[in-house]
Amino acid sequence: MACPVRLECLADALQSEANFGVWGGLTERERRAMLRYYDHVEDWHAWIMESDDPLAEELRIPKIPRVLARVRHSITADATS
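The sections below set out a description of the structure shown in this document. (Residues numbered from 1 in each chain as written. Predicted model: local features only at pLDDT ≥ 70, side-chain atom pairs only at ≥ 80, totals over all residues. Heavy atoms only, no water.)

### Section: the overall build of the protein chain
No. 1: Secondary structure assignment for the protein chain yields five helices and zero strands.
No. 2: Each helix and strand of the protein chain, placed in order from N terminus to C terminus, yields the pattern α-α-α-α-α.
No. 3: Relative to its length of 81 residues, the protein chain is compact, with a C-alpha radius of gyration of 12 Å against a globular reference of 12 Å.
No. 4: Taken along its principal axes, the extent of the C-alpha atoms in the protein chain is 40 × 25 × 20 Å.
No. 5: Within the span of the protein chain, comprising 81 residues, buried residues form 36% of the whole.
No. 6: In the protein chain, the share of contacts with a sequence separation of at least 24, taken over all contacts with a separation of at least 6, comes to 42%.
No. 7: Roughly 5200 Å² of accessible area belongs to the protein chain as shown, and the carbon and sulfur atoms make up 54% of that amount. (Helix = DSSP H or I, 4+ residues; strand = E, 2+ residues; numbered from the N terminus. Rg over C-alpha atoms; globule rule 2.2 N^0.38 Å. Buried < 20%, exposed > 50% of the residue type's maximum accessible area, 1.4 Å probe, protein only. Contact = heavy atoms within 4.5 Å. Areas by Shrake-Rupley, 256 points an atom, 1.4 Å probe, with all protein chains shown as cover.)

### A short note on the packing of aromatic side chains
No. 1: Counted according to the given criterion, the structure contains three aromatic pairs.
No. 2: Here the aromatic rings of tyrosine 37 and tyrosine 38 are separated by 4.8 Å at their centres, their planes lie at 85°, and the arrangement is edge-to-face.
No. 3: According to the relative accessible area criterion, tyrosine 38 is buried, its value standing at 3%.
No. 4: Between tryptophan 44 and tryptophan 47, the aromatic rings sit 5.4 Å apart at their centres with planes inclined by 75°, giving edge-to-face as the arrangement. Here the residue tryptophan 44 and the residue tryptophan 47 both occupy positions in helix 3 (residues 44-50), the gap between them amounting to three residues, near one helical turn. Both residues of the pair, tryptophan 44 and tryptophan 47, count as buried. (Phe/Tyr/Trp six-rings, centres within 6.5 Å; stacked < 30°, edge-to-face > 60°.)

### Considerations on the side chain of aspartate 53
No. 1: Turning to its location among the elements, aspartate 53 is positioned in the loop between helix 3 and helix 4 (54-60).
No. 2: Here leucine 55 takes part through its backbone nitrogen, which lies 2.8 Å from a polar atom of the side chain of aspartate 53.
No. 3: Ignoring sequence-local partners within four residues, the contact set of aspartate 53 consists of Tyr38 and Trp47. (Polar contact = N/O pair within 3.5 Å; in protein donor to acceptor, adjacent residues only side chain to side chain.)

### Let's talk about the state of the cysteines
No. 1: The tally for this structure, following the rule as stated, stands at zero disulfides.
No. 2: Its sulfur unpaired, cysteine 3 is 6.9 Å from the next cysteine sulfur, which belongs to cysteine 9. (Disulfide = S-S within 2.5 Å.)

### A few points about the nonpolar core
No. 1: In terms of nonpolar packing, the biggest core is built from 18 residues, with Met34, Tyr38, Trp44, Trp47, Ile48, Leu55 and Leu59 touching the most fellow members.
No. 2: Among the elements that make up this core, the one with the highest residue count is helix 1 (residues 6-15) (four residues).
No. 3: Apart from residues no more than four positions distant in its own chain, tryptophan 44 is found in contact with Ala11, Leu14, Gln15, Met34, Leu35 and Tyr38. (Core = buried A, V, L, I, M, F, W, Y, C linked by side-chain atoms within 4.5 Å.)

Next comes the structure, spelled out in structure tokens:
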């Protein structure tokens with residue numbers, strides 16, 4: 001999480017839909033969940049760096065993000081709205 005290019009690495013992995021390995025501190029399972037839930041995102045670097053989405057904000061903090069929990073919570077909240 002202390003890597004100086006972590007967010008750029010993550011954005012590149014999401015943009016290219018990298019299927020294997022840990023990129024930007026996230027596993028392929030976490031990245032797949034993001035790609036499914038945020039299917040409207042066209043520029044992952046801009047989204048990660050500028051979005052006010054709670055997950056984007058959490059990703060910008062140098063700690064381990066709770067991607068799967070946040071995506072599951074968002075899906076549940078969307079379903080009940």
